[in-house]
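Structure at a glance
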Amino acid sequence: MERLASRFALSASFALAALPLCGAAQELTLPNRGQVRFAVIGDMGTASRAQREVAQQMVRFHAKFPFTFVITVGDNILGPETARDFKAKFEAPYADLLAAGIKFYASLGNHDNPEQRNYGPFSMDGQRYYTFSMEAPGGLRFFALDSNYMDAPQLAWLEKELSASGSEWKLAFFHHPLYSSGKTHGSSLDLRKTLEPLFTRYGVDVVFTGHDHFYERVKPQHAITYFVAGSAGSLRKGDYRKQPFSAVGFDRDYAFLLVEIDGAKLHFQAISRTGQTVDSGVIALAPAQPTATPGGSPLPLR
Amino acid sequence: MRRHPSCLLLVLLAASCSLNRNAHIAPAADVDIDARVLAEFQEEVEDYVDLHRELVERIPTVGPNATAEEIAAHREKMTRGIQAKRKGAKRGDIFESRVEAAIRRVIARELASPEGQQVVKEILQGNPRAERVPNQSDPTRTHPAAVRVVVNGLYNEDAPLSSMPPSLLLKLPQLPEQVRYRFVGRDLILRDAQANLILDFIKNAVPNPAVPR
């Protein structure tokens, strides 16, 4: 039975715009006891000093919060994609994490050549879009999408995979945000019109995106929490223009996101390049509820 | 590869064969293009895909666990191979005139719909004439990356790729994995992602001044 994902942000602490970005790394706010721990980065592949500093901050937090994998929300390699670029924009900045055996699961951004799907360290198994699961009570499944090119085969695949998944937690990640307060890009409305009905119908809980170069958490929309995590190597200062749907935004420095799933709770902590916590909170998984009316037909794709 | 009208029967037969050999390029349900024009387009695309496949078979395969070196080497071989095989290719070889006219109509209809503005906004996302690239030295600053739209020409690797609005994509003939639609300014291009080459294009396919030329 499909369920309506009726989830609520239980709590959230946020500092943001007025936060002084100096001093030593802050403490971990995550409970650090959950079954699944991972990081989220996006728009990072610039080979810049900022990218390396964010990566080093990830390493510092990994020492106290041993996340086992990282998901990327695209723009993994900005600009040219020679072998040297893969090294400078991915392998070198994340060398310590890669050496620690941390696996990266990538999705494609608008600066990424789709051939990145064959790059072993991105774990895409040769696919533009793919799904994988993690061991967690009730099940946890990720759906990595190619939002650059949402064609009919991808939509049919997504509906098939979502409908077949019995996992309690369903998390999607891709590049273009369905909700964003970005002045430069903002919400991808055509994509939202296409994807949101599927997410709602099949109980997607949380969506991670990038593209706009800042951090943002969106208030639950149709019971789904959206994140924009597009500042792990690129930044548009002053680009966050708070929209009514926005819960928190941070565009003053680079950032990444840590996530922990502990049973029916998803804890998150967004951390700046300097180690400051810029957002944190909990999203609860609500009990399953049916969505299909008796004899009802599936929602149209679009 | 333009055909004389008297060859229509042959074209239709060939198109029918093409559909049989590649069921995955069957048109999406929403594509409102004359069946004969669609078959013509599919035939041209399939001719190209055959060429692509022929090359792929001749050069070392890149599996899903490739290194950066293997991917780069593969792409370079694909690029050179296709450029050599398509030497002399010109605008309109794939987007033949009737196909071009039909696709222009589809785009114009979509832009004139109530959601037209949303579609335009998506076309601007990643469009190299509208979006810039973060600098390596200071990623808070950006630089433009020009794409020269030329048949059989390289797509500038520094440049971003435009989004394809899903609602428009679902109304265009579906393409096989080897070939993709993209926008550069107002031009609709066909691009081989593996070879990073522009295969053909429709000049000013987007009739909207909000999209830079």
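Since the structure is predicted, the reported quantities are computational estimates derived from the model, not experimental observations. (Residues numbered from 1 in each chain as written. Chains lettered and ligands numbered in written order. Predicted model: local features only at pLDDT ≥ 70, side-chain atom pairs only at ≥ 80, totals over all residues. Heavy atoms only, no water.)

Points about the sheet that holds strand β5 (residues 187-192) of chain B
Residues and elements named next belong to chain B. Short version of the rule: When DSSP finds two or more bridges between a pair of strands, those strands are recorded as paired. The helix count covers DSSP runs of H or I at least four residues long, the strand count covers runs of E at least two residues long, and both are numbered beginning at the N terminus. Whether two residues touch is decided by their heavy atoms; if any such pair falls within 4.5 Å, the residues are in contact. Here an angle of 0 to 180 degrees is reported between the N-to-C directions of two axes, which are lines fitted to C-alpha atoms, with helices fitted over the stretch in contact.
Taken in spatial order, the 4 strands make up an open sheet running β3-β6-β5-β4, and their pairing is antiparallel. On the outer flanks of this sheet lie β3 (153-154) and β4 (179-184), each paired with one strand and no other. Sheet analysis places β3 next to strand β6 (residues 197-202), joined by 2 bridges and oriented antiparallel. Its bridge partner being in β6, Gly153 is matched across the sheet by Ile198. Against the sheet, helix α4 (residues 97-112) contacts β4, β5 and β6, and its axis sits at roughly 75 degrees relative to β6.

Points about the interface of chain B and chain A
One frequent convention defines the size of an interface as the accessible area lost when the parts assemble. Applicable threshold: Summed over both partners, the accessible area lost on bringing two parts together, with a 1.4 Å probe, is the buried area. For this analysis, a salt bridge means a side-chain nitrogen from Lys or Arg found within 4 Å of a carboxyl oxygen belonging to Asp or Glu. Two N or O atoms form a polar contact when they lie within 3.5 Å of each other; inside protein one atom must be a possible hydrogen donor and the other a possible acceptor, and for residues adjacent in sequence the pair counts only when both atoms belong to side chains. Each residue receives one of three labels: charged for Asp, Glu, Lys and Arg, nonpolar for Ala, Val, Leu, Ile, Met, Phe, Trp, Tyr, Cys and Pro, and polar for the others, Gly being one of them.
Between chain B and chain A, the residue contacts involve 49 residues of the former and 51 residues of the latter. Both sides together, the interface formed by chain B and chain A hides about 4,100 Å², and carbon and sulfur atoms give 51% of it. Three residues, B:Pro64, B:Pro139 and B:Leu170, lead the burial of chain B against chain A; their summed loss comes to 12% of the area buried on that side. Connecting chain B to chain A are 3 salt bridges. A salt bridge links A:Arg117 to B:Glu177; the shortest N-O distance between them is 3.3 Å. For the pair chain B and chain A, the interface holds 21 residue pairs in polar contact (both at pLDDT 80 or more). Those elements that place two or more of their residues in the side of chain B that touches chain A are α3 (68-85), α5 (116-124), β1 (133-134), α6 (166-169) and β4 of chain B. Looking at the side of chain B that touches chain A element by element, the count peaks at 5 residues for α3(B). Tallied by class, the residues present in the side of chain B that touches chain A amount to 20 nonpolar, 13 polar and 16 charged.

Notes on the confidence of the model for chain B
Residues and elements named next belong to chain B. Our working rule: pLDDT gives the predictor's per-residue confidence on a scale running from 0 to 100.
Residues with a pLDDT of 70 or more make up 86% of chain B, whose mean pLDDT is 85. Across chain B, the secondary-structure element scoring lowest on mean pLDDT is helix α1 (residues 8-21), at 37, and the one scoring highest is β6, at 98. Confidence over residues 1-27 falls short of pLDDT 50; this stretch has 42 contacts with residues more than four positions distant or in other chains. This complex was scored by the predictor with a pTM of 0.88 and an ipTM of 0.84.

Considerations on the packing of helix α2 (residues 83-91) of chain A against α3(B)
So the rule is basically this: In this scheme the crossing of two helices becomes right-handed for a clockwise turn of the near helix relative to the far one and left-handed for an anticlockwise turn of less than a right angle.
Running from N to C, α2(A) and α3(B) cross one another at 145 degrees; their axes reach a closest spacing of 8 Å. At the point where α2(A) passes α3(B), the crossing takes the right-handed sense. On α3(B), the residues that touch A:Ala83, A:Phe86, A:Lys87 and A:Glu91 of α2(A) are B:Ala68, B:Glu69 and B:Ala72. Among the residues making up the contact of α2(A) with α3(B), the classes are represented as 4 nonpolar, no polar and 3 charged.

Focus on the pairing of strand β6 (residues 140-144) of chain A
Residues and elements named next belong to chain A. For clarity, the cut-off: A 1.4 Å probe rolled over the protein chains alone gives each residue an accessible area, and that area as a share of the maximum for its type sets the label: buried under 20%, exposed over 50%, partly exposed in between.
Taking burial as the measure, the 5 residues of β6 include 4 buried ones, the bulk of the element. Adjacent in sequence and paired antiparallel, strand β5 (residues 130-134) and β6 are bridged by 5 residues, among which Gly138 carries a positive phi angle near 85 degrees. By the bridge criterion, 5 bridges tie β6 to strand β7 (residues 169-173) in an arrangement that is parallel. When the sheet's bridge partners are listed, Leu140 is paired in β7 with Trp169.

Focus on the sheet that holds strand β10 (residues 224-229) of chain A
By definition, the strands of a sheet pair up through backbone hydrogen bonds, in either a parallel or an antiparallel sense. All names here are of chain A. Read from one edge to the other, the open sheet built from 7 strands follows the order β5-β6-β7-β8-β10-β9-β11, with strand pairing classed as mixed. Of all the strands in the sheet, just β5 and β11 (246-250) have a single pairing partner and so form its edges. Averaged over all pairs of adjacent strands, the angle between their axes in this sheet comes to 15 degrees, without regard to strand direction. Sitting on the sheet, helix α4 (residues 152-164) touches β5, β6 and β7, and the angle it makes with β6 is about 175 degrees. The strands touched by helix α5 (residues 189-201) within the sheet are β7, β8 (206-209), β9 (215-221) and β10, with β10 carrying the most contacts at an inclination of about 130 degrees.

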